[in-house]
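Below are the chains, spelled out letter by letter.
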Amino acid sequence: METNPEVNIPILVVDDEESLRHTFKIFLKREGYGPIVLATNFEEAVAELNSQSFDLIISDIVLGGNTGIDLLKRIREINITCPVIMVTGYPNVDTASEALRFGAFDYIQKPVEKEQLLKTTRLALQQYRLQHEKQKAEEEKEQYRCYLDTLFRSVSDSIITIDKDRNIVKMNQAARTFFGTVNPTVTEGANLAIACGGNTHCFFKDDAEKVLRSGIEIKEHRIEFTTESMHQMVVSICISPLEDGRGGFHGVVIVIRDMTCILEPGQSKQRNSFHRMIGASPVMQTVYTMIENVGKVDSAVLITGESGTGKELATEALHLESHRKNRPLVKVDCTAIPENLLESELFGHKKGSFTGADQDRMGRILQADGGTLFLDEIGDVSSMMQLRLLRFLQEKTFYPVGRDTSIQVDVRIIAATNVKLLEKVRQGKFREDLYFRLRGDW
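Quick caveat: nothing in here was measured; it's all calculated off a predicted structure.

Asks: How should I be thinking about the overall build of the protein in this particular structure?
Replies: In terms of helices and strands, the protein carries 15 helices and 20 strands. Expressed as a percentage of its 442 residues, the buried residues of the protein come to 43%. Counting only contacts in the protein whose residues sit at least 6 apart along the sequence, the fraction spanning at least 24 positions is 58%. Accessible surface, the protein as shown: approximately 24,500 Å² in total, 50% of it carbon and sulfur.

And the structure:
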């Protein structure tokens, strides 16, 4: 006989006829159900219900001084939701109607045939399982909704959702506080065109429009602007399409992080040094503040300036101001390594991949995993190396020399050059797409 694949399905059988109770138990156990608990009357059945839970109850309609209807009423009074099958020897319309009115799944007539019992049991358990799964899914959905709602309210970043018609659907408290100072016209219910119409402080509008049109996410776009009170601000913006997981597009969600360095009360506005950098001039104060702001934004950075102006010191400060400060800072001077070895130096190589490769070598990129990679004098690398670096920046994966499987890493790139890189771009000597990637403009 085929065995039911279900396991651990407790069933309570209530009947004052011993032979019928044990017959039901044999039929059900052979199908793989169990444990099967037996009760002879109303009181025993209630005691069992109070001591353990069941997935199904099968009860005779006649239980000595009580009836199966009495048991059914008690079952519902104590909030037991499992299905109940009633067994009757004298079926009539009133009895059936009353049993169904109090929530019985079905009733079957004596003498009970084995196939009828098993079929009704199978259907009752299927319905119970579906109801249980639905209730569990609804509870998980509500729990997840409450979790997201709590997260939405408590997060310190400003969060705004905008529908595809450009209406501002929802803002968290941080966003309401932020825009209450920066641009009070940005409120829930307002349309983007009206809220930002003619207002120079709607710094996120262009990016929001771009994502609404293209559906392509914008990650960590840094924006500097001046408020109406002439306060200089730096913000980091992330904008993602708001999708339902089935291809439907509902709008965008905008996350705004205020990166402006706010001095603590009593803190001096002028610093004589910053990490290993020294200087107290207004220009250096601006540099210190910029490094603090940019360091916290996890995107690529391009530092330009003549030799000896402190590009390496600025890199160290950026690394120490980032969340990667406890991870490696790996430095590579691109002009100090011969062109034919630079690829192996950066990406590593597999043993035997070229003459002299007598062992596997971990490249500088892999050494910097989780931290920062500093590429000094990036303006002098070859066009082939520019292409490899571009692919790495786009995909965050690379292939060591001689290896046909990729390696994925989490590395922040800081590049520096003493040449006028934009001029080299115009001359066709440096890739424009790599130039903008290194600047963090993507």
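Asks: Which parts of the structure should I look at to understand the side chain of Asp163?
Replies: When you line up the elements, Asp163 lands in strand E8 (residues 158-163). Among the polar contacts made by the side chain of Asp163, one reaches the main-chain amide nitrogen of Asn167 at a distance of 2.9 Å. Apart from residues no more than four positions distant in its own chain, Asp163 is found in contact with Val169, Leu212, His250 and Gly251.

Asks: Can you help me understand helix H11 (residues 339-347) in this one?
Replies: An α-helix turns once per 3.6 residues; consequently, residues spaced three or four apart project the same way. Within H11, burial applies to Leu342, Ser344, Glu345, Leu346 and Phe347. Against the buried residues of H11 lie strand E16 (329-333), helix H12 (364-367), strand E17 (372-376), helix H13 (383-395) and strand E18 (397-398). One or two residues past the end of H11 sits Gly348, with phi positive at roughly 80°.

Asks: Quick question: what am I supposed to make of the packing of aromatic side chains here?
Replies: Centre-to-centre distance and the angle between the planes together describe a pair of aromatic rings. For the structure on display, the rule yields 9 aromatic pairs. Measuring from ring centre to ring centre gives 6.0 Å for Phe179 and Phe203, while their planes differ by 15°; the resulting arrangement is stacked. Linking Phe179 in helix H6 (residues 173-182) with Phe203 in the loop between helix H7 (192-195) and helix H8 (205-214), this pair joins segments that are 24 residues apart in sequence. Across the pair, exposure class does not vary: Phe179 and Phe203 are buried alike.

Asks: Would you mind going over the packing of helix H2 (residues 42-51) against helix H3 (residues 68-77) with me for this structure?
Replies: The geometry of a pair of packed helices is captured by two quantities: the angle between their axes and the separation between those axes. At a minimum axis distance of 11 Å, the contact between H2 and H3 shows a crossing angle of 20°. When the interaxial angle is binned, H2 and H3 end up roughly parallel. The two elements H2 and H3 cross, and the hand of that crossing is right-handed. Seen from H2, the contacting residues are Phe42, Ala45, Val46 and Leu49; seen from H3, they are Asp70, Leu71, Arg74 and Ile75. Its residues assigned to classes, the contact of H2 with H3 shows 6 nonpolar, no polar and 2 charged.

Asks: Could you clarify how one ought to interpret the sheet that holds strand E7 (residues 106-109) in this entry?
Replies: Strand pairing within a sheet occurs via backbone hydrogen bonds; the two strands may be parallel or antiparallel. The 5 strands are arranged E2-E1-E3-E6-E7 in an open sheet whose pairing can be described as parallel. Among the strands making up the open sheet, the edge pair consists of strand E2 (36-39) and E7. Strand-to-strand twist across the sheet, computed as the mean angle between neighbouring axes with direction ignored, equals 20°. Bridge count for strand E1 (residues 11-14) against E2 is 4 bridges, and the pairing is parallel. Across the sheet, Val14 pairs through a bridge with Ala39, a residue of E2. Running at roughly 170° to E2, helix H1 (residues 18-30) makes contact with E1, E2, strand E3 (56-60) and strand E6 (84-88) of the sheet.

Asks: Is there a simple way to explain the sheet that holds strand E20 (residues 412-417) in this structure?
Replies: Strand order in the open sheet formed by 4 strands is E15-E20-E17-E16, and the pairing between neighbours is parallel. The open sheet has two edge strands with one neighbour each: strand E15 (301-304) and E16. On average, each strand axis in the sheet is tilted by 15° relative to the strand beside it, whichever way the strands run. In terms of strand pairing, E15 meets E20 through 4 bridges, oriented parallel. By the bridge assignment for E20, Leu302 is matched with Ala415.

Rules and cut-offs
- Residues numbered from 1 in each chain as written.
- Predicted model: local features only at pLDDT ≥ 70, side-chain atom pairs only at ≥ 80, totals over all residues.
- Heavy atoms only, no water.
- Helix = DSSP H or I, 4+ residues; strand = E, 2+ residues; numbered from the N terminus.
- Buried < 20%, exposed > 50% of the residue type's maximum accessible area, 1.4 Å probe, protein only.
- Contact = heavy atoms within 4.5 Å.
- Areas by Shrake-Rupley, 256 points an atom, 1.4 Å probe, with all protein chains shown as cover.
- Polar contact = N/O pair within 3.5 Å; in protein donor to acceptor, adjacent residues only side chain to side chain.
- Phe/Tyr/Trp six-rings, centres within 6.5 Å; stacked < 30°, edge-to-face > 60°.
- Axes fitted to C-alpha atoms, helices over the stretch in contact; angles between N-to-C directions.
- Parallel < 35°, antiparallel > 145°, perpendicular 65-115°, else oblique.
- Left-handed = near helix turned anticlockwise from the far one by under 90°.
- Nonpolar A, V, L, I, M, F, W, Y, C, P; charged D, E, K, R; others polar.
- Pairing = 2+ DSSP bridges.

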